Amino acid sequence: MMENGQDCDCGCCDGGCCDGEDLVMTLELDDGTQLVCSVLTIFPVDGRQYIALLPDGEDEEEGDIFFYRYSETPDGQPVLGCIEGDEEYEAVIDRFDEILDEEEYDELVPADEADPE
């Protein structure tokens, strides 16, 4: 979702997601297998950070997107946590949908037309 070269406000990488390379994370599943995922975006909801991950080889339009709580250790290593409960999950999904809508608008309307002054 986050386009390279645009302002980075994820708060997780000191702008590293804007350096022209896609961010990826490897998840270790319960059965011990590993799943490589692209980081779609990191975003806040109610004072917490969340991350949206898309497994490699999946189409964003039709693939499963994984959502987790997101934080970092003091040395900058990512930490994923479970979303606890339906209410929290719904708030995360709603915010992610808003982000998608904002990006669609940005893609459809050039920046110089979006703010008529």
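Residues numbered from 1 in each chain as written. Predicted model: local features only at pLDDT ≥ 70, side-chain atom pairs only at ≥ 80, totals over all residues. Heavy atoms only, no water.

**Student:** It is not clear to me how the packing of aromatic side chains should be interpreted in this structure. Could you clarify?
**Tutor:** Both the distance between ring centres and the angle between the ring planes are used here to describe each pair of aromatic rings. In the structure shown here, the tally under the stated rule is four aromatic pairs. Their ring planes at 75° and their centres at 5.0 Å tell us that Phe67 and Phe96 sit as a pair that is edge-to-face. With Phe67 in strand E4 (residues 66–72) and Phe96 in helix H1 (residues 86–108), this residue pair connects regions lying 29 residues apart in the sequence. Residue classification places Phe96 among the buried residues on the basis of a relative accessible area of 3%. By way of ring pairs, the aromatic residues Phe43, Tyr50, Phe67, Tyr89 and Phe96 are connected into one cluster. (Phe/Tyr/Trp six-rings, centres within 6.5 Å; stacked < 30°, edge-to-face > 60°. Helix = DSSP H or I, 4+ residues; strand = E, 2+ residues; numbered from the N terminus. Buried < 20%, exposed > 50% of the residue type's maximum accessible area, 1.4 Å probe, protein only.)

**Student:** What's the story with the pattern of salt bridges in this structure? I'm lost.
**Tutor:** Close approach of charged atoms lets side chains of opposite charge pair. In the structure shown here, the tally under the stated rule is five salt bridges. Here Arg69 and Glu84 are joined by a salt bridge, their closest N and O atoms 3.8 Å apart. Linking Arg69 in strand E4 with Glu84 in the loop between strand E5 (78–81) and H1, this pair joins segments that are 15 residues apart in sequence. According to the relative accessible area criterion, Glu84 is exposed, its value standing at 57%. Among the ionic contacts, a cluster of salt bridges with common partners joins Arg48, Arg69, Glu84 and Glu88. (Salt bridge = Lys/Arg side-chain N within 4 Å of Asp/Glu carboxyl O.)

**Student:** Mind showing me how you'd approach the side chain of Arg69 here?
**Tutor:** Taking relative accessible area as the criterion, Arg69 reaches 18% and is therefore assigned buried. Those residues within four positions of Arg69 in sequence are excluded, and the remaining contacts are Arg48, Gln49, Tyr50, Val79, Leu80, Gly81, Cys82, Ile83, Glu84 and Glu88. (Contact = heavy atoms within 4.5 Å.)

**Student:** Please explain the side chain of Glu88 as it appears in this structure.
**Tutor:** Examined against the element boundaries, Glu88 turns out to sit in helix H1. Glu88 sits in the buried class, given a relative accessible area of 12%. In this structure the side chain of Glu88 is engaged in a polar contact, spanning 2.8 Å, whose partner is the side chain of Arg69. Polar side-chain contacts of Glu88 include one of 2.8 Å to the backbone nitrogen of Glu84. Once you skip the residues sitting within four places of it in the chain, Glu88 turns out to touch Arg48, Tyr50, Arg69 and Ile83. (Polar contact = N/O pair within 3.5 Å; in protein donor to acceptor, adjacent residues only side chain to side chain.)

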